[in-house]
Protein chains: 2
Amino acid sequence: MGIREPLREMSCGLPHALEVMGERWSFLILRAAFNGLYHFEEFSQELGIARNILSNRLANLVQHGVLERTPCEADRRKVEYRLTEKGLGLLPAMLALRQWGERYTEDFNPGLVLVDCRDGQPVQPISIRAQDGRELSWHELGWQTPDKIGQPVDRHAGAYAKDGFPAEPPEQSEECC
Amino acid sequence: MGIREPLREMSCGLPHALEVMGERWSFLILRAAFNGLYHFEEFSQELGIARNILSNRLANLVQHGVLERTPCEADRRKVEYRLTEKGLGLLPAMLALRQWGERYTEDFNPGLVLVDCRDGQPVQPISIRAQDGRELSWHELGWQTPDKIGQPVDRHAGAYAKDGFPAEPPEQSEECC
DNA sequence: CTCCCTAAGTTGCGATTCGCAACCCTTTTT
DNA sequence: AAAAAGGGTTGCGAATCGCAACTTAGGGAG
């Protein structure tokens, strides 16, 4: 990516996402929720997570609107934790992370494959796409200010070469030796 | 998703991904790397991270093959940390997380927008797609064993209703009250 | 050559957080 | 009435985080 974005500013959604999902067990709890677990004991047993941590994480996810906590009508000892719409919105991120983990794990042997349940065909690898559907790699991306959207980005010091990653340090800018 | 996958097993890439990227600053370091930072001091100053932690994280990312550490030829005090191919493979995951953070942050005001630098148009929201390109939501997904790929998935207790998330507890299964 | 500066860490130490086990309160089941 | 299940909370030792100070190696100016 050519233009460097300011990193400390809150113009980036990543810090917020990490505030919600960045703690140790959050993603695994989320995965469990996507797999249809609802109850405290289920999470506890399936994940082997300490109860106090689980309690803390669930409360955190509820507070951030990823899960919804509702006491169970039929059995008032139980509580249900369910994904909200915001929580469901994390599925692409989780899947991308997971696909990456699978791809780069030595000798990874998929026990189960995520498929389109209509035809049983595996889902596509998650990728970044342009408006016209082209898959984009890193060196085809750039940052643009909202008012200049639609204007091609001039990548300063665009000394990028093969396959979307820099072959050399991008020119003698002030940054690099 | 209908069929429940076994959660503790290593049949899932998520634990591996989190082992690499799950610590507190890893994703922000990665973002910085995608933004063209190479050197220890740059990361330190831009992110405001403690030096010992940064040192630890960089070493960890190098060890896991996300970054490559090379002493700088021209100035032998410096060291370059560069994304490997494995590291570049994290871009979709990071972007998905980031888009999620942006979408669900109150009053989020994008300072910069990630665009296709050829035409300056914003990239698409990251989504999960079937082989034919259809966008898939959670309730259209299922787990299938590798030998049965291509066979439609029968979702057990498929009481899912609106918009891809469960309207009620999916029937009186053994799981839910 | 000497002095000073930069880059990249390392070390010490107090403040948090994690993880385990035990305990607690409420609701259900027997 | 007693026992058990569900969902936590509390205490406490171990590991991790974050800050500041220190170290080591290389470069540059005079």
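Refer to the preceding data block for the structure.
What counts and what doesn't
- Residues numbered from 1 in each chain as written.
- Chains lettered and ligands numbered in written order.
- Predicted model: local features only at pLDDT ≥ 70, side-chain atom pairs only at ≥ 80, totals over all residues.
- Heavy atoms only, no water.
- Contact = heavy atoms within 4.5 Å.
- Buried area = accessible area lost by both parts, 1.4 Å probe.
- Salt bridge = Lys/Arg side-chain N within 4 Å of Asp/Glu carboxyl O.
- Phe/Tyr/Trp six-rings, centres within 6.5 Å; stacked < 30°, edge-to-face > 60°.
- Helix = DSSP H or I, 4+ residues; strand = E, 2+ residues; numbered from the N terminus.
- Buried < 20%, exposed > 50% of the residue type's maximum accessible area, 1.4 Å probe, protein only.
- Lys NZ or Arg CZ within 6 Å of the ring centre and 35° of its normal.
- Core = buried A, V, L, I, M, F, W, Y, C linked by side-chain atoms within 4.5 Å.
- 1 Å grid on protein atoms, 1.4 Å probe; cavity = no way out; pocket = protein on both sides within 12 Å on 5 of 7 lines; lining within 4 Å.
- Points joined across faces, edges and corners; volume = space filled by probe spheres on them.
- Nonpolar A, V, L, I, M, F, W, Y, C, P; charged D, E, K, R; others polar.
- Near = heavy atom within 4 Å.
- Polar contact = N/O pair within 3.5 Å; in protein donor to acceptor, adjacent residues only side chain to side chain.
- Least-squares fit on C-alpha atoms with pLDDT ≥ 70 in both.
- Pairing = 2+ DSSP bridges.

1. Comments concerning the interface of chain A and chain B
At the junction of the two partners, chain A supplies 112 residues and chain B supplies 111 residues. Together chain A and chain B conceal approximately 10300 Å² of surface at their shared face, both sides included; 64% is due to carbon and sulfur atoms. At the surface where chain A touches chain B, the tally comes to four salt bridges. Close ionic contact of D116(A) with R134(B) constitutes a salt bridge, the shortest N to O distance being 3.1 Å.

2. What to know about the packing of aromatic side chains
The description of an aromatic ring pair rests on the distance of the ring centres and on the angle between the ring planes. Considering all chains together, one arrives at four aromatic pairs over all chains under this definition. Here F34(A) and W138(B) contribute two aromatic rings whose centre-to-centre distance is 5.6 Å and whose plane-to-plane angle is 80°, an arrangement assigned as edge-to-face. Here the residue F34(A) occupies a position in helix 2 (residues 26–34), and W138(B) occupies one in the loop between strand 4 (121–122) and strand 5 (141–144), the pair thus bridging two chains. By the burial criterion, F34(A) is buried, and W138(B) matches it. The ring of Y38(A) carries R82(A) above its face, with NZ or CZ at 3.9 Å from the centroid.

3. Some remarks on the nonpolar core
Ranked by internal contacts, the top residues of the largest apolar core, which has 90 residues, are L30(A), F43(A), L97(A), L30(B), F43(B) and L97(B). Sequence-distant contacts of F43(B), defined by excluding residues within four places in its chain, comprise I29(B), A32(B), A33(B), L37(B), Y38(B), G48(B), I49(B), L54(B), L58(B) and Y81(B).

4. Quick word on the layout of surface pockets
Taken as a whole, the largest pocket holds about 800 Å³ of empty space. Forming the walls of the largest pocket are 35 residues, and the residues nearest its centre are Q99(A), R103(A), P125(A), I126(A) and G89(B). Elements supplying a minimum of two residues to the lining of the largest pocket: helix 6 (91–103) and strand 3 (113–116) of chain A together with helix 5 (85–88) and helix 6 (91–103) of chain B. Sorting elements by how many residues they give to the lining of the largest pocket places helix 6 of chain A first, with seven residues. Of the residues in the lining of the largest pocket, the class split is 22 nonpolar, six polar and seven charged.

5. Regarding the protein's contact with DNA strand C
Near DNA strand C lie 20 residues; those nearest to it are N52(A), R57(A), R76(A), R51(B) and Y81(B). If you look at DNA strand C and keep only atoms within 4 Å of the protein, 65% of those are sugar or phosphate atoms. In the model, a phosphate oxygen of DNA strand C is placed 3.3 Å from a nitrogen or oxygen of the F40(B) main chain. Side-chain polar atom of R69(B) to a phosphate oxygen of DNA strand C: 2.9 Å apart, as the coordinates give it. Listing elements by their share of the surface near DNA strand C, those giving two or more residues are helix 4 (51–63) of chain A together with helix 3 (40–47), helix 4 (51–63) and strand 2 (79–83) of chain B. Taken together, the residues of the surface near DNA strand C sort by class into six nonpolar, four polar and 10 charged.

6. Regarding the protein's contact with DNA strand D
Near DNA strand D, the surroundings consist of 19 residues, among which R51(A), V79(A), Y81(A), N52(B) and R57(B) are the closest. Among all atoms of DNA strand D positioned within 4 Å of the protein, those belonging to sugar or phosphate total 61%. N52(B) places a polar side-chain atom, nitrogen or oxygen, 2.4 Å from a base nitrogen of DNA strand D. Between DNA strand D and R76(B) there is a distance of 3.2 Å, counted from a phosphate oxygen to a backbone nitrogen or oxygen. For the surface near DNA strand D, the secondary-structure elements that each account for two or more residues are helix 3 (40–47), helix 4 and strand 2 (79–83) of chain A together with helix 4 of chain B. Residues belonging to the surface near DNA strand D are distributed by class as follows: six nonpolar, four polar and nine charged.

7. Here's the deal with the relation of the copies chain A and chain B
Note on the identical chains: chain A maps onto chain B by a rotation of 180° and an axial translation of 0.0 Å, with an RMSD of 0.0 Å. The relationship between the two copies is best expressed as a two-fold rotation axis. Minimal C-alpha separation from the rotation axis in chain A is found for A93(A), amounting to 2.7 Å. Same-surface contact between copies: 99% of interface residues of chain A are shared with the interface of chain B.

8. Comments concerning helix 1 (residues 14–21) of chain A
Each α-helix turn comprises 3.6 residues. Residues three or four places apart therefore point the same way. Counted residue by residue, helix 1 of chain A has six buried out of eight residues, so it is predominantly covered. Considered for burial, the residues of helix 1 of chain A that qualify are L14(A), H16(A), A17(A), L18(A), V20(A) and M21(A).

9. Some details on the pairing of strand 2 of chain A
All names here are of chain A. Along strand 2, five of the five residues are buried, which leaves the element largely enclosed by surrounding structure. Where burial is concerned, the two faces of strand 2 agree: the one with V79, Y81 and L83 and the one with E80 and R82 are both buried. Bridge count for strand 1 (residues 67–71) against strand 2 is five bridges, and the pairing is antiparallel. Bridge pairing in strand 2 places R69 opposite Y81.

10. Topic: the environment of L14(A)
Of note, L14(A) is situated in helix 1. Setting aside residues up to four positions removed in sequence, L14(A) forms contacts with F27(B), L28(B), R31(B), M94(B), L97(B) and R98(B).

11. So, the sheet that holds strand 3 of chain A
Pairing is antiparallel across the open sheet formed by three strands, whose spatial order is 4(A)-3(A)-5(B). The sheet is open, and its two borders are formed by strand 4 (121–122) of chain A together with strand 5 of chain B, each paired with just one other strand. Direction of pairing for strand 3 of chain A relative to strand 4 of chain A: antiparallel, over a ladder of two bridges. From the neighbouring strand, D116(A) faces strand 4 of chain A, where its bridge partner is Q121(A).

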